[in-house]
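Chains, contacts and geometry: an overview
Each chain, written out:
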Amino acid sequence: MSAMTRRAATPSELLSPTEMAEADRLAGNGPALMEAAGAAVARAIRSRFRPLPVLVLAGPGHNGGDGYVAARHLERAGWDVAVAPLAPPNGDAAGAAAHWRGPIRPFAPASLARAGLVVDAVFGAGLSRPVDGQVAETLCAIRTPIVAVDVPSGVDGATGAVRGLARQAALTVTFFRLKPGHLLLPGRDLCGETVLAEIGLPEAVLDRIGPRSFRNGPGLWRLPQPDTATHKHSRGHVTMLSSDALSGAALLAARGARRAGAGLVTLACESENAARAHRMAEPGALTLTGDWPEALLEDGRREVFCAGPGLPPDATTRGTVAALLAAGKRLVLDAGALTAFAGHPDRLHGAAILTPHMAEFARLFGEVGKDRLEAARRAAAQSGAVILLKGSDTVIAAPDGRAAINDNAPAWLATGGTGDVLAGIAAALLAQGMPPFEAACAAAWLQGEAAQRAGPGMIAEDLPPQIHATFLHVAALI
Ligand SMILES: NC(=O)C1=CN([C@@H]2O[C@H](COP(=O)(O)OP(=O)(O)OC[C@H]3O[C@@H](n4cnc5c(N)ncnc54)[C@H](OP(=O)(O)O)[C@@H]3O)[C@@H](O)[C@H]2O)[C@@H](O)CC1
Ligand SMILES: Nc1ncnc2c1ncn2[C@@H]1O[C@H](COP(=O)(O)OP(=O)(O)O)[C@@H](O)[C@H]1O
Ligand SMILES: [K+]
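For clarity, every value in this text was computed on a predicted model and none was experimentally measured.

1. Digging into the overall build of the protein chain
Check the secondary structure of the protein chain and you find 17 helices and 17 strands. Computed over the C-alpha atoms, the radius of gyration of the protein chain is 25 Å, within 12% of the 23 Å expected from 2.2 N^0.38 for a compact globule of 478 residues. The principal-axis extents of the C-alpha atoms in the protein chain amount to approximately 80 × 45 × 40 Å. Taking all 478 residues of the protein chain together, the buried fraction comes to 57%.

2. Here we look at helix α17 (residues 464-477)
Its 14 residues give α17 an end-to-end C-alpha distance of 21 Å, which sits within 8% of 20 Å, the value for a rise of 1.5 Å per residue. Looking at α17, one finds that the buried residues are Pro 464, Ile 467, Thr 470 and Val 474. Take α17 and look down its axis: the buried residues cluster within an arc of 60 degrees, on one side only. Exposed side chains of α17 directed beyond 90 degrees from the buried face belong to Leu 472, Ala 475 and Ala 476. Of the surrounding elements, those touching the buried residues of α17 are α8 (247-259), α15 (418-431) and α16 (436-454).

3. Some thoughts on the site of ligand 1
Near ligand 1 you find 25 residues, and of these Asp 66, Gly 124, Ser 128, Arg 129 and Asp 150 are the closest. Between ligand 1 and the protein, one listed contact pairs an oxygen atom with a backbone N or O atom of Ala 125 at 2.8 Å. Contact distances for ligand 1 include 2.9 Å between an oxygen atom and a backbone N or O atom of Gly 126. Computed on the free molecule, ligand 1 has an accessible area of 950 Å², of which 79% lies beneath the protein chains in the complex. Of the pockets mapped on this structure, ligand 1 occupies the largest pocket. Looking at the shell around ligand 1, the elements with two or more residues in it are α1 (17-27), α2 (30-46) and α3 (62-76). Partitioned by chemical class, the residues of the shell around ligand 1 number 14 nonpolar, seven polar and four charged.

4. Quick word on the layout of surface pockets
Considering only enclosed or pocket space, the largest pocket measures out at about 710 Å³ in volume. Along its surface, the largest pocket is lined by 33 residues, and His 62, Asn 63, Gly 124, Ala 125 and Gly 126 are the ones closest to its centre. Contributing elements (two or more residues each) for the lining of the largest pocket: α1, α2, α3 and α5 (133-140). Size it by volume and the second largest pocket reaches roughly 470 Å³. Residue lining of the second largest pocket: 29 residues in total, with Lys 390, Leu 413, Thr 415, Thr 418 and Gly 419 positioned closest to the centre.

5. Description of the site of ligand 2
In the vicinity of ligand 2, 17 residues are found, and the nearest of them are Lys 390, Gly 391, Gly 417, Gly 419 and Gln 447. One of the backbone N or O atoms of Gly 391 is found 2.9 Å from an oxygen atom in ligand 2. Within the backbone of Gly 417, a nitrogen or oxygen atom sits 2.7 Å from an oxygen atom of ligand 2. The fraction of the free accessible surface of ligand 2 (570 Å²) that becomes covered by protein chains is 78%. If you map ligand 2 onto the pockets, it falls in the second largest pocket.

6. A look at the UniProt feature "binding site: K(+)" (unreviewed entry) in the protein chain
As recorded in UniProt, the sites labelled "binding site: K(+)" (unreviewed entry) are Asn 63, Asp 120 and Ser 153. With the annotated positions falling across 91 residues, the maximum pairwise C-alpha distance of 9.5 Å places them together in a single cluster. Set against the largest cavity, the annotated residues named above that line it are Asp 120 and Ser 153. One can find Asn 63 in helix α3. Under the relative-accessibility criterion, Asn 63 is labelled buried at 9%. Aside from chain neighbours lying at most four places away, what touches Asn 63 is Asp 120, Ala 121, Val 122, Phe 123, Gly 124, Val 149 and Asp 150. Each residue touching Asp 120, except ones within four places of it in the same chain, is listed here: Leu 57, Asn 63, Ile 146, Val 147, Ala 148, Val 149, Val 151, Pro 152 and Ser 153. Reaching out from Asp 120, the side chain makes a polar contact with the backbone nitrogen of Val 122 at a distance of 3.2 Å.

7. A short note on the coordination of the potassium ion (ligand 3)
All of the protein donors around the potassium ion (ligand 3) are Asn 63 (OD1), Asp 120 (O), Phe 123 (O), Val 149 (O), Val 151 (O) and Ser 153 (OG); their distances to the metal are 2.6 to 3.2 Å. Between the six donor atoms coordinating the potassium ion (ligand 3), the angles at the centre fall across 65 to 172 degrees, so the site counts as irregular. Read N to C, the donor residues that coordinate the potassium ion (ligand 3) are spaced as N-x56-D-x2-F-x25-V-x1-V-x1-S. Placement of Asp 120 in strand β4 (residues 117-121) and of Ser 153 in the loop between β5 (146-149) and β6 (171-175) is noted, with a sequence separation of 33 residues between them. Of the residues examined, Ser 153 reaches a relative accessible area of 1% and is grouped as buried.

8. Regarding the sheet that holds strand β12 (residues 304-307)
Across the sheet, eleven strands lie side by side as β1-β8-β17-β16-β15-β14-β13-β12-β9-β10-β11; this open sheet has mixed pairing. For this open sheet the edge positions go to β1 (13-14) and β11 (286-289), each flanked by a neighbour on one side alone. Two elements, β1 and strand β8 (residues 213-215), share two bridges in a ladder whose sense is antiparallel. Among the inter-strand pairings, Glu 13 is bridged to a residue of β8, identified as Phe 214. The strands that helix α9 (residues 272-281) touches are β10 (264-269) and β11; relative to β11, the one it contacts most, it runs at about 175 degrees.

Calculation rules
Residues numbered from 1 in each chain as written. Chains lettered and ligands numbered in written order. Predicted model: local features only at pLDDT ≥ 70, side-chain atom pairs only at ≥ 80, totals over all residues. Heavy atoms only, no water. Helix = DSSP H or I, 4+ residues; strand = E, 2+ residues; numbered from the N terminus. Rg over C-alpha atoms; globule rule 2.2 N^0.38 Å. Buried < 20%, exposed > 50% of the residue type's maximum accessible area, 1.4 Å probe, protein only. Expected span 1.5 Å × (residues − 1). Arc of directions from axis to C-beta. Contact = heavy atoms within 4.5 Å. Near = heavy atom within 4 Å. Polar contact = N/O pair within 3.5 Å; in protein donor to acceptor, adjacent residues only side chain to side chain. Areas by Shrake-Rupley, 256 points an atom, 1.4 Å probe, with all protein chains shown as cover. 1 Å grid on protein atoms, 1.4 Å probe; cavity = no way out; pocket = protein on both sides within 12 Å on 5 of 7 lines; lining within 4 Å. Sits in = over half its atoms within 2 Å of the grid points. Nonpolar A, V, L, I, M, F, W, Y, C, P; charged D, E, K, R; others polar. Points joined across faces, edges and corners; volume = space filled by probe spheres on them. UniProt positions renumbered as here; feature names shortened; annotations may be inferred. Donors = N, O, S within 2.8 Å, 3.2 Å for Na, K, Ca; no water. Tetrahedral: all angles 85-135°; square planar, octahedral: opposite > 155°, others 65-115°. Pairing = 2+ DSSP bridges. Axes fitted to C-alpha atoms, helices over the stretch in contact; angles between N-to-C directions.

Here you go:
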């Protein structure tokens, strides 16, 4: 995990390359920003590497301009630096290039021979087509550590996807605000350590831009705070639908919900046998038996339901979910309750949160494709529900266009049942009054944090006991 991903103070707004260009335009002092950006790159390099022969690969745009400035700062600090321009610099980059008096080398693999470190200042926000030809050939020939300016060339700052080719950077220095591509995969991995540098761009430009994408974290939501007037009924009641065949999934979700603060959690069971087993495994949970949906709707105080973990994607599940939606219940839907509606996301209108993994998403909305952020946004608009698209770069999108990218989930979360716990946490936060987008964001972050605490080798059962410690951690962060 990079240093950036553990730093809670990173501002949460994310800017697409287009929004970043708009910020640049609104600020209206391109040369000064370029000077600050290049200086920040040189600073980051000097604080991490001993002096080495450096080759700066400079593209024709502002990314290349930052490279020329970084070259000048490193040379002034006594480093051995050369610049290899891809093409004559344009715009503000021409000014930065004019101040470079050091060696110029051809933009070709042969120029890499003497370098101990390469600064990749070829393309940043202006990447407009796949990297190929001479650029691909030269990038491929690099055998030294790479420091990328803004993003590794070839990484799409909006999506994190690779266009043509991109090389693994040891360090990426970006400016003002992170871009989605710094958090979405594979971009996040390719960046290596990511440093966000302040370059004097006024925060006020954000008021004009109105960012709609965020890095998920405690600054984005507030957890429910019980107080002296709180009692278990006022803290939210989650009803978890459980199938006899895969009853463990609902049990995991119920544990997640209880640990995430739901005052009451009921496991709605198909049979008395299953209910008995649940009562033994989870003494603090209530159980309910009886035909669905009638038994579920009998008590009008049940408002929040979580359905899907362990449920078959069949007509009974479809009918139950439809009845709950028709009754105006607030629903978190996962797994079988999503697949039951394959090809018909419109029938899920009224649901609060859908938590598909990639395959479940594809069954409902079509393939995710290379732009997870856009895919989740489109699905949210189509279904009217908050979409929590699971993965190591989980994306949460609201029908109103807001979206957050989660980057605190360790790879060892990839084990059966952790998604069930997540659905339970989301339902509990919803039941405690959090709006769906905030509840989904907080659930994803708490799940990631709980997994960090549980450590490698954890299993889904290890997550719920970590949740209360993550609540304390959130309180300490805000
Ligand atoms: N915004 C800010 O606040 C600040 C931004 N800053 C910096 O500005 C950077 C953005 O600069 P930018 O807009 O000039 O774009 P940049 O990435 O240099 O590339 C454009 C050039 O590359 C070319 N080109 C693209 N893809 C290509 C390909 N595959 N193969 C070949 N050519 C390709 C493209 O050609 P065209 O598409 O025009 O044909 C054009 O000539 C940003 O990343 C950051 O480093 C800082 O200075 C501080 C403040
Ligand atoms: N490589 C990974 N890194 C981090 N988190 C992951 C990774 N793979 C999966 N996850 C997370 O693990 C959980 C798995 O959920 P899911 O696929 O629904 O499994 P299950 O249905 O068995 O609970 C999700 O929260 C997902 O975001
Ligand atoms: K770059």
